[in-house]
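Notes for the structure review
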Amino acid sequence: MRRPAALAVLLAAVLVVAGPARAGLADRVAATFALMAGDFVKAFQPIEAIVVSAEGTEVFLDVHEATGAQVGQEYTVFRKGDMFHHPLTGRALGFYEEILGHAQVVRLYPNFSAAKYQPLPDTPRPRATDGARITRARVRVAVTPVLDFTGSGADVRRVPFMLAAALEGSKRFQVVDPLAVNDMFASGGLRVEEMLARPERVMRTARHLELAGWVVPLLLERRGVTYLDVTYISAITGAPLVSRRLPLVTASATEEQRFPWEPRPED
C-alpha cells in the first residue's frame, strides 16, 4: 500500500503520458469529485450503535439522522463476550467480540433506523443489546478505472489516481495502489461493468485485495450535460451503499487547482 506521496508521484508519471489536448476532462472530473468527497466521508464516519430488536431480515438500531445515521450505511453487528485481562497485572483490557453479520440502513425514523441484515455463516441471530458499529479504523477501498459512457474518447487514465489522492487526503480511507487495480482490469479478466452488476464478483475480487469497498466512477451524458457519477459498493455484500452524481465543473473552474506540472485544461 503506497501512501499519498507515492500516489502523487504516480499521478505525475501518468501526466507525462497524457496529451494536453485531452487533459481538461480529467481535471474537471477531479474537481467535481472534490465537491462530493465530503459526502462519502460523512457516510463512513465512525458510529457506535445498539441493536434494539430484530425482525425477519431486518434489525433495528438506536441511531438516527441526528446521530449521524444515513440510508446506505453499513454496520458490523457483533455480540460482546467475556472480559479479557492483562496476563500479568490482571487489569481489564476489554471484551471478546463475536461478529454476527452486517446491516445496511434502509430506512430512517425519528429515534431509530431499520437495516437489512446479512448474517455470517453459522452465527446466532442478533438480539436486543447486541452491538453495531462503523469502524474507527480507516476504510480500505479501491478505485476502479473510469467507465466512460459519453463516447468522448478523452484520456481519463489519471482519474483513479486523483480520486485516490482525494480519498487518502480525507484521512478516513486507505486506498489500494491504483496501478495494481488498473492492472487487474487491463488484463481483461475483470471489467468495471461487473462491479455494478455482479455482487458475487465484487465480493470475490475484494477478498484478494482485503477491501471493505469499491469506488466506481462513471461519466454520463444527459441532454448535452456531462455528469460524474460515483458509487461506493460494499465488498462485504456487493450492494451499492452510497452514490452521488454531479454535472462536471467547467474547465475554467479547474485552472486555479492545477499543479505546476499539469498541462493547461483543454478539451
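Our structure's up above, just so we're on the same page.
Quick look at the structure, then. (Residues numbered from 1 in each chain as written. Predicted model: local features only at pLDDT ≥ 70, side-chain atom pairs only at ≥ 80, totals over all residues. Heavy atoms only, no water.)

To continue, consider unusual backbone geometry. At Asp122, a residue that is not glycine, the phi angle is positive and equals roughly 60°. Residue position: Asp122 is located in the loop between β5 (113–119) and β6 (131–134). Here the phi dihedral of Glu210 falls at roughly 60°; this positive angle occurs in a residue that is not glycine. Examined against the element boundaries, Glu210 turns out to sit in the loop between α6 (199–209) and β10 (213–222). Classification of Glu210 as exposed rests on a relative accessible area of 62%. (Helix = DSSP H or I, 4+ residues; strand = E, 2+ residues; numbered from the N terminus. Buried < 20%, exposed > 50% of the residue type's maximum accessible area, 1.4 Å probe, protein only.)

This part takes up the nonpolar core. Grouped together as the largest cluster of nonpolar side chains are 29 residues, with contacts concentrated most on Phe33, Phe173 and Tyr232. Listed by contribution, the elements that provide at least two residues to this core are α2 (23–43), β7 (139–143), α3 (159–169), β9 (173–175), β10, β11 (225–234) and β12 (240–247). Looking at this core element by element, the count peaks at eight residues for α2. Listed in part, the 18 residues of the second largest apolar core include Val176, Phe185, Val192 and Trp214. (Core = buried A, V, L, I, M, F, W, Y, C linked by side-chain atoms within 4.5 Å.)

Taken as a whole and assessed by the stated rule, the structure comprises seven aromatic pairs. Between the aromatic rings of Phe44 and Phe173, the centroid separation amounts to 5.7 Å while the plane-to-plane angle is 75°, which identifies the pairing as edge-to-face. One end of the pair, Phe44, is in the loop between α2 and β1 (47–55); the other, Phe173, is in strand β9, and 129 residues separate them in sequence. The same class applies to Phe44 as to Phe173, namely buried. Arranged with centres 4.6 Å apart and planes meeting at 20°, the rings of Tyr109 and Phe112 form a pair that is stacked. Residue placement shows Arg133 over the ring face of Phe78; its charged tip is 4.1 Å from the ring centre. (Phe/Tyr/Trp six-rings, centres within 6.5 Å; stacked < 30°, edge-to-face > 60°. Lys NZ or Arg CZ within 6 Å of the ring centre and 35° of its normal.)

This part is about the packing of α3 against helix α4 (residues 178–186). Orientation of α3 relative to α4, taken along the N-to-C sense of each, is 140°, at an axis distance of 10 Å. As the angle between them shows, α3 and α4 are arranged oblique. As α3 runs across α4, the sense of the crossing is right-handed. Only Pro178, Leu179 and Asn182 of α4 make contact with α3, whose side of the interface consists of Pro160, Phe161 and Ala164. Grouping the amino acids of the contact of α3 with α4 by side-chain chemistry returns five nonpolar, one polar and no charged. (Axes fitted to C-alpha atoms, helices over the stretch in contact; angles between N-to-C directions. Parallel < 35°, antiparallel > 145°, perpendicular 65-115°, else oblique. Left-handed = near helix turned anticlockwise from the far one by under 90°. Contact = heavy atoms within 4.5 Å. Nonpolar A, V, L, I, M, F, W, Y, C, P; charged D, E, K, R; others polar.)

Consecutive residues of a regular strand have side chains that alternate between opposite faces of the sheet. Most of β10 sits inside the fold, with eight of its 10 residues counted as buried. Here three bridges tie β7 to β10, and the two strands are oriented parallel to one another. Of the residues in β10, the one forming a bridge with Val141 is Gly213. The pairing of strand β8 (residues 147–148) with β10 spans two bridges and is classified as parallel. Across the sheet, the residue bridging to Asp148 is Leu219, located in β10. In the sheet, β10 pairs with β11 via 10 bridges, with the strands oriented antiparallel. Pairing of Leu218 across the sheet is with Asp229, part of β11. Hairpin connection of β10 to β11: two residues between the antiparallel strands, including Arg223 at a positive phi of 55°. (Pairing = 2+ DSSP bridges.)

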